[in-house]
Amino acid sequence: MAPAIRIVEVGPRDGLQNISDAIPTSTKLELIQRLHQTGLNTIELTSVVSPKAIPQLADCREVLGNAAINALLDDPQLRLPVLVPNEKGLEIARKHDVREIALFISATEGFSKANINCTVAQGIERNIKLAALAKASGIAVRGYVSCIFADPYDGPTPLSAVLHCAKSLLDAGCYEVSLGDTLGIGSPSNVNELINYLVSNGIPVEKLAGHFHDTYGQAVANVWEAFNNGIRVFDSSVAGLGGCPFAPGAKGNVASEDLVYMFHNAGISTGVNLPKLVETGVWISRKLGKSNSSRVGTALSTKAPVKKSKSVRLNWTMLNETEGLQIYRSGVNLKIVLNRPRNGNTLTVAMISELKSAIASASTNPLISRIVITANGRFFCTGMDLGKGSTAVGENSSDAQFTRLTGLFEVIDQCPKVTIAALNGPAFGGGVGLAFACDLRIFTKGSNLTLSEVKLGICAATISKYVIRELGVAFAREVMLSAREVTPTELKSFGVVTEIAENEEDLRRRVDSMLVRLKAASADASRMSKELVRLAWAHGGSEEQASGIKALFEEMMRPNADGAHGVKEFQAKRKVDWDVYVQRKVKL
């Protein structure tokens, strides 16, 4: 039987569009897939809009062109609307075989001019044309009317203005019109009044949907009131994502979890698996580094927490301690801890020498597979020691300092072992170089990076190679010129940070867990993989890359290489603990 209520999930579009930090396309695609797996059959995918207008949705073509999304678009049981603002957007949607679009108008002049730079009349005229073009191509059209109760510029919205817009969209060919309380200011009495007014003036209630924001905490109550007035379609967003930039302190859309719980508790079917929906809300909230705005989602996830992998703690033994470093070992893992917390772990001449020596020694030790660089204290590393008598800046003897610093970063970068930077706190200058010369990075929440050199009249010379390689040219240029803080969440969105820990204790747990997971990877294969990345970065498309790839291929195919053992164990259906393998191999 068809569900009694149809929920239009708007999280991937309306829920994400106002988030300032860039969200990876892969996260958006996974969100859509997870939402589909909950049983939701109407999911608003994205908006084909100018990247300048909404930077967050600049990847709309990548989303629509994804093979998995194409498979969903081919499913006739699903409604996957895409918001389009103009003919160009419609043409792009058509090229990607989109079967349904959504059109948008404001019921009020102030919001219309601020949001889409046209009058209400012009917006209606534009949408009439778009609807005609879409229907001529066999594309279904859904309509949105915003600011149904109030406009941030014009004040209360007249009922007649909402009627005019709803009627215009239906007359244009929209199969349904969603009524949007954009500011989240309405209450049940407003909902009752508006719906009765629209229906009494000839708008069929079955052609209406509700789109309520939760700024004043009235969204769920408004949905229930709309349901009791005959509406059976409601827009909502997983984890309550979204919000209106014109309403300070505004909450997002009504949470999908809250709606599903309310209707199910009343014996009204939605066709949605609530536990899976709750799990999705928890997942996307963690991905975005945001609190979960769904009360139901928060309550149920606390009662029945999402399964986590069992935390593993390694036993570490101190091998050596100097004034600036502590060195620990656990099996084939080495941990180097910067230990000048009172001085922000600045890189003194002695520390640079000791750090370089420790990594160089580990690089040639067959019993070491991975190296962790972390620190004690509030900071990870505040960079080069600029104290009086400690720096060559302003002197005529800079060659030695240059050689020391480039030698340190080079020995980390060229290390054949897997290197992991575990940032316990903020990093500046050379500390950023340490992090970016490593292969993998785990940050605590407060571990912001700052390339502050320009403030001192200098530049990030010795670390620029690694900064630009990891961040990309455009982003690296921006952060070097602005000298601003870059957050772990921002870095994670670029794929630069692997995990973000809550605090230092969580950082230690995550480092240990990562080291245990990496036991599944051959140390020799990891070395070769690092070389493949280096070849692509330094010699992409050249003969040197081609010959390097061939040499690595021949190396991995040798009878005495790790691959021979790994494939043999795979054929025998046995998992390989490569840490044990390394220790046995060296003993033999």
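Residues numbered from 1 in each chain as written. Predicted model: local features only at pLDDT ≥ 70, side-chain atom pairs only at ≥ 80, totals over all residues. Heavy atoms only, no water.

So, about the overall build of the protein chain. Counting its regular elements, the protein chain contains 24 helices and 19 strands. Along the first, second and third principal axes, the C-alpha atoms of the protein chain reach 85 × 65 × 50 Å. For the protein chain, the proportion of its 588 residues judged to be buried stands at 51%. The long-range share in the protein chain, meaning contacts at least 24 apart out of those at least 6 apart in sequence, stands at 70%. Total accessible area on the protein chain stands at roughly 27100 Å², and carbon and sulfur atoms take up 54% of it. Side-chain charges of the protein chain comprise 65 positive and 58 negative groups, with the mean position of each set lying 5 Å from the other. (Helix = DSSP H or I, 4+ residues; strand = E, 2+ residues; numbered from the N terminus. Buried < 20%, exposed > 50% of the residue type's maximum accessible area, 1.4 Å probe, protein only. Contact = heavy atoms within 4.5 Å. Areas by Shrake-Rupley, 256 points an atom, 1.4 Å probe, with all protein chains shown as cover. Lys, Arg positive; Asp, Glu negative; His and termini not counted. Charge placed at Lys NZ, Arg CZ, Asp CG, Glu CD.)

The next thing to look at is the confidence of the model for the protein chain. Confidence in the prediction of the protein chain, expressed as mean pLDDT, is 91, and 94% of residues score 70 or more. Mean pLDDT across the elements of the protein chain ranges from a minimum in helix H6 (residues 109–116), with 84, to a maximum in helix H9 (residues 188–200), with 98. (pLDDT = per-residue confidence, 0-100.)

Quick look at a nonpolar patch on the surface now. A grouping of Phe-553, Met-556 and Met-557 is seen on the molecular surface, where their side chains present a nonpolar patch of about 310 Å² in accessible area. Mapped onto the elements, Met-557 comes out in the loop between helix H22 (543–556) and helix H23 (562–571). (Patch = residues over 30% accessible without salt bridge, like charges linked within 9 Å, V, L, I, M, F, W, Y side chains within 5 Å. Salt bridge = Lys/Arg side-chain N within 4 Å of Asp/Glu carboxyl O.)

Here we come to the packing of helix H15 (residues 399–413) against helix H17 (residues 464–471). The interhelical angle for the contact between H15 and H17, taken along N-to-C directions, is 40°, at an axis separation of 10 Å. With respect to their mutual orientation, H15 and H17 come out oblique. Residues Phe-409, Glu-410 and Asp-413 of H15 form the contact with H17, whose own contacting residues are Lys-465, Tyr-466 and Arg-469. Of the residues assigned to the contact of H15 with H17, the class counts are 2 nonpolar, no polar and 4 charged. (Axes fitted to C-alpha atoms, helices over the stretch in contact; angles between N-to-C directions. Parallel < 35°, antiparallel > 145°, perpendicular 65-115°, else oblique. Nonpolar A, V, L, I, M, F, W, Y, C, P; charged D, E, K, R; others polar.)

Our focus in this paragraph is the sheet that holds strand S13 (residues 370–375). With respect to topology, 7 strands assemble into an open sheet ordered S10-S11-S12-S13-S14-S16-S19, the strand pairing being mixed. The open sheet has two edge strands with one neighbour each: strand S10 (317–321) and strand S19 (499–501). Pairs of neighbouring strands in the sheet enclose a mean axial angle of 20°, with direction left out of account. As paired strands, strand S16 (residues 440–444) and S19 are joined by 3 bridges and run parallel to one another. Directly across from Thr-444, in S19, lies its bridge partner Ala-501. Against the sheet, helix H16 (residues 430–437) contacts strand S12 (333–338), strand S14 (418–423) and S16, and its axis sits at roughly 140° relative to S14. (Pairing = 2+ DSSP bridges.)

What follows deals with the side chain of Thr-450. In this structure, Thr-450 sits in strand S17 (residues 449–450). Using a relative accessible area of 5% as the deciding quantity, one classes Thr-450 as buried. In this structure, Thr-450 is in contact with Ala-427, Phe-428, Gly-429, Val-432, Ala-483, Arg-484 and Glu-485, ignoring residues within four places of it in sequence.

Okay, unusual backbone geometry next. A positive phi angle, close to 60°, is found at Asp-97, a residue other than glycine. Locating Asp-97 in the fold gives a position in the loop between helix H5 (87–95) and strand S3 (100–106). Owing to a relative accessible area of 54%, Asp-97 belongs among the exposed residues under this scheme. For Ala-239, which is not a glycine, the phi torsion comes out positive at approximately 65°. With respect to the element layout, Ala-239 can be found in the loop between strand S9 (233–236) and helix H11 (256–265). Relative accessible area serves as the criterion here: at 1%, Ala-239 is assigned to the buried category.

With 6 of 7 residues buried, S3 is to be regarded as a mostly interior element. Where strand S2 (residues 82–83) meets S3, 2 bridges bridge the pair, whose relative direction is parallel. Its bridge partner lying in S3, Val-82 is registered against Ile-101. As a crossover connection, the stretch from S2 through H5 into S3 is right-handed. Where S3 meets strand S4 (residues 140–146), 7 bridges bridge the pair, whose relative direction is parallel. Note that in S4 the partner of Phe-104 across the bridge is Tyr-144. (Right-handed = clockwise from strand over helix to strand, strands pointing away.)

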